[in-house]
Amino acid sequence: MASSYTICVLPGDGIGTEVTDCGRQVLDALSGRGGPRFDYDVRPAGYYTFLGVGHSLPDGTLDAAKAADAVLVGAMDVAQIPPHGGDPLGGLRIGLEVSASVRPSRTIDGIAGPTNDIDCVVVREVTEGLYSRDEYMGDDDAAYAVRVVTRKASTNTARMAFAQAMARQETYGRPSLVTAVHKVGVLKLSDGLFLEACADVAREFPEIAYETANIDTCAMDMVRNPGHFDVILATNAFGDILSDVAAGLAAGLGLAASACIGERWAYFEPVHGTAPDIAGKGIANPCATILTVAMMLRYLGEDESADVVETAVYGVLEDGKIRTGDLGGNATSTEMTDAILSSLKIK
Ligand code: ATP
């Protein structure tokens, strides 16, 4: 009998609401053809939720996320939410006790990116660092942001990076490399602690090569020699920037998926934001969310379904007949999703 899962869906704001619908259609198509079954618990979170109920992550939403087998997030307009409205993504990450986000980027056949030589994963700490939201004014002319780095979150993130490296070593049959990114010459204490935690974890994985790189050098090398990188391990803000660099070098934000997996809970979201410039027009690329759904299926142990979804997405992209605007075409989100649904080859 097929397994059955409850997915807590937080569509959020902007294109988040549009692309999560596309992701659900793919899950429903799997169910309809004898695959796993999914129930959805759709919950409010984000800027419009704040406008409606005064908080961007209501308690009921976090409770539902914890009660579900996995959480699928669209995108949230965090920038518009004032401090008293809460931080929906930060609250979700802390509430679900996830500290690392895994963001793969690779060249895709048929999609011309700036390079054809990138296949890496950025593993980014997501609860602290420069985004710890601890800011204050010293006086009218001086603003301060506290960069928090803890051994616990750094160690968890490093463990996730090395686990990714082990998995990639097995999948690709070639040695893996973890590159820890820092600016320790300037941020001596915070990046000093981060690197110490990373080095401790590296010693637990003698089979994986390990190096460190300055953030500025790493950004330049990613552009000049992307093939060098395998797993990039970074604090919050550096990882945010480098995962967009990696996505840009591959095929853009429209294809960039991510997973935040902790010991008890996990949530899955495309790397992109709410894209206000195209929201409501029905033209967002749903592939990032559909590939995110594939990551969620793998987390749930549904590897076969995950393979089916990824093969369908990459097949449609390679075929090239149906493409959204970000990939140079003029297909709508619905047309792109329909093409993927028609390509699902369930055994
Ligand atoms: P955030 O700060 O929330 O990550 P952002 O400001 O980095 O958001 P995005 O909302 O991710 O920005 O959008 C950046 C650009 O990429 C915009 O021009 C947007 O239209 C485009 N974009 C993002 N996601 C998609 C998508 N799924 N399909 C097509 N274009 C997209």
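Residues numbered from 1 in each chain as written. Predicted model: local features only at pLDDT ≥ 70, side-chain atom pairs only at ≥ 80, totals over all residues. Heavy atoms only, no water.

### Notes on the overall build of the protein chain
Move 1: In terms of regular secondary structure, the protein chain is built from eleven helices and twelve strands.
Move 2: Relative to the compact-globule value of 20 Å for 347 residues, the protein chain shows a C-alpha radius of gyration of 20 Å, a close match.
Move 3: Summarising its shape, the C-alpha atoms of the protein chain cover approximately 55 × 50 × 40 Å along the three principal directions.
Move 4: Taken across its 347 residues, the protein chain has 51% of its residues classed as buried.
Move 5: Here the analysis covers contacts within the protein chain between residues at least 6 apart in sequence; of these, 74% occur between residues at least 24 apart. (Helix = DSSP H or I, 4+ residues; strand = E, 2+ residues; numbered from the N terminus. Rg over C-alpha atoms; globule rule 2.2 N^0.38 Å. Buried < 20%, exposed > 50% of the residue type's maximum accessible area, 1.4 Å probe, protein only. Contact = heavy atoms within 4.5 Å.)

### Brief notes about the environment of Gly 74
Move 1: Relative to the elements of secondary structure, Gly 74 occurs in strand S3 (residues 70-75).
Move 2: A relative accessible area of 0% means that Gly 74 is categorised as buried.
Move 3: Here the alpha-carbon distance between Gly 74 and Asp 326, two residues 252 residues apart in the chain, equals 18 Å.
Move 4: In this structure Gly 74 touches Leu 10, Pro 11, Gly 16, Thr 20, Glu 269 and Pro 270, once residues within four positions along its chain are discounted.

### Describing the packing of aromatic side chains
Move 1: The final tally for this structure, using the stated rule, is seven aromatic pairs.
Move 2: Centroid distance Phe 162 to Tyr 210: 5.9 Å. Interplanar angle 40 degrees. Geometry classified as tilted. Taken together, the residues Phe 162 in helix H5 (residues 151-172) and Tyr 210 in strand S9 (residues 209-214) connect sequence positions 48 residues apart.
Move 3: By relative accessible area, which is 0% here, Phe 162 ends up buried.
Move 4: On the basis of relative accessibility, which here comes to 27%, the residue Tyr 210 falls in the partly exposed class. (Phe/Tyr/Trp six-rings, centres within 6.5 Å; stacked < 30°, edge-to-face > 60°.)

### Here's the deal with the pairing of S9
Move 1: With six bridges joining them, strand S8 (residues 177-182) and S9 adopt parallel strand pairing. When the sheet's bridge partners are listed, Thr 179 is paired in S9 with Glu 211.
Move 2: Handedness of the β-α-β unit built from S8, helix H6 (residues 190-204) and S9 comes out right-handed. (Pairing = 2+ DSSP bridges. Right-handed = clockwise from strand over helix to strand, strands pointing away.)

### Overview of the pattern of salt bridges
Move 1: Counted by the stated rule, this structure contains 16 salt bridges.
Move 2: The closest approach of N and O atoms between Arg 147 and Asp 191, which form a salt bridge, is 3.2 Å. In this pair, Arg 147 sits in the loop between strand S7 (142-145) and H5 while Asp 191 sits in helix H6, placing the two residues 44 residues apart along the sequence. (Salt bridge = Lys/Arg side-chain N within 4 Å of Asp/Glu carboxyl O.)

### Thoughts on the domain arrangement of the protein chain
Move 1: As assigned here, the protein chain comprises domain 1 (1-101 + 252-347) and domain 2 (114-250).
Move 2: Computed from C-alpha atoms alone, the centre-to-centre distance between domain 1 and domain 2 is 24 Å.
Move 3: Taking both partners together, domain 1 and domain 2 bury about 1100 Å²; carbon and sulfur atoms supply 56% of that area.
Move 4: Of all residues in domain 1, Arg 93, Ser 99 and Ser 101 give up the largest surface area on contact with domain 2, accounting jointly for 44% of the area buried on that side.
Move 5: Counting across the interface, domain 1 meets domain 2 through one salt bridge.
Move 6: The salt bridge partner of Asp 87 is Arg 133, with a shortest N-O separation of 2.8 Å.
Move 7: In this structure, the connection of domain 1 to domain 2 is made through six residue pairs in polar contact (both at pLDDT 80 or more).
Move 8: Only helix H4 (88-95), strand S4 (100-106) and strand S11 (259-261) provide two or more residues apiece to the side of domain 1 that touches domain 2. (Domains from an automatic or database assignment. Buried area = accessible area lost by both parts, 1.4 Å probe. Polar contact = N/O pair within 3.5 Å; in protein donor to acceptor, adjacent residues only side chain to side chain.)

### Focus on the nonpolar core
Move 1: Formed by 62 residues in total, the largest nonpolar core has its most connected members in Ile 7, Val 309 and Leu 317.
Move 2: When residues in this core are grouped by element, the largest group, eight residues, is from helix H9 (residues 287-299).
Move 3: Shared between two domains, this core takes at least three residues from each, and those domains are domain 1 (1-101 + 252-347) and domain 2 (114-250).
Move 4: If you look at the next biggest cluster of nonpolar residues, it comprises 20 residues, including Leu 62, Val 71, Val 126 and Trp 265. (Core = buried A, V, L, I, M, F, W, Y, C linked by side-chain atoms within 4.5 Å.)

### Considering the packing of H5 against H6
Move 1: Where H5 contacts H6, the axes come no closer than 9 Å and their chain directions differ by 40 degrees. If you check the angle between H5 and H6, you find them oblique. H5 and H6 meet at a crossing whose hand is right-handed. Here Arg 151, Ser 154, Thr 155, Ala 158, Arg 159 and Phe 162 of H5 come into contact with H6, specifically with Leu 193, Phe 194, Glu 196, Ala 197, Cys 198, Asp 200, Val 201, Ala 202 and Glu 204.
Move 2: By residue class, the composition of the contact of H5 with H6 is eight nonpolar, two polar and five charged. (Axes fitted to C-alpha atoms, helices over the stretch in contact; angles between N-to-C directions. Parallel < 35°, antiparallel > 145°, perpendicular 65-115°, else oblique. Left-handed = near helix turned anticlockwise from the far one by under 90°. Nonpolar A, V, L, I, M, F, W, Y, C, P; charged D, E, K, R; others polar.)

### Let's talk about the pairing of strand S1 (residues 4-12)
Move 1: Of all nine residues in S1, seven are buried; the element is thus mostly enclosed.
Move 2: Inspection of the sheet shows S1 paired to strand S2 (residues 37-42) by six bridges, in the parallel sense. Within S2, the residue paired with Tyr 5 across the bridge is Phe 38.
Move 3: Handedness of the S1-helix H1 (residues 15-32)-S2 crossover: right-handed.
Move 4: Here S1 runs beside S3; their pairing, made up of five bridges, is parallel. In the sheet register, Ile 7 faces S3, and the bridge partner there is Ala 70.

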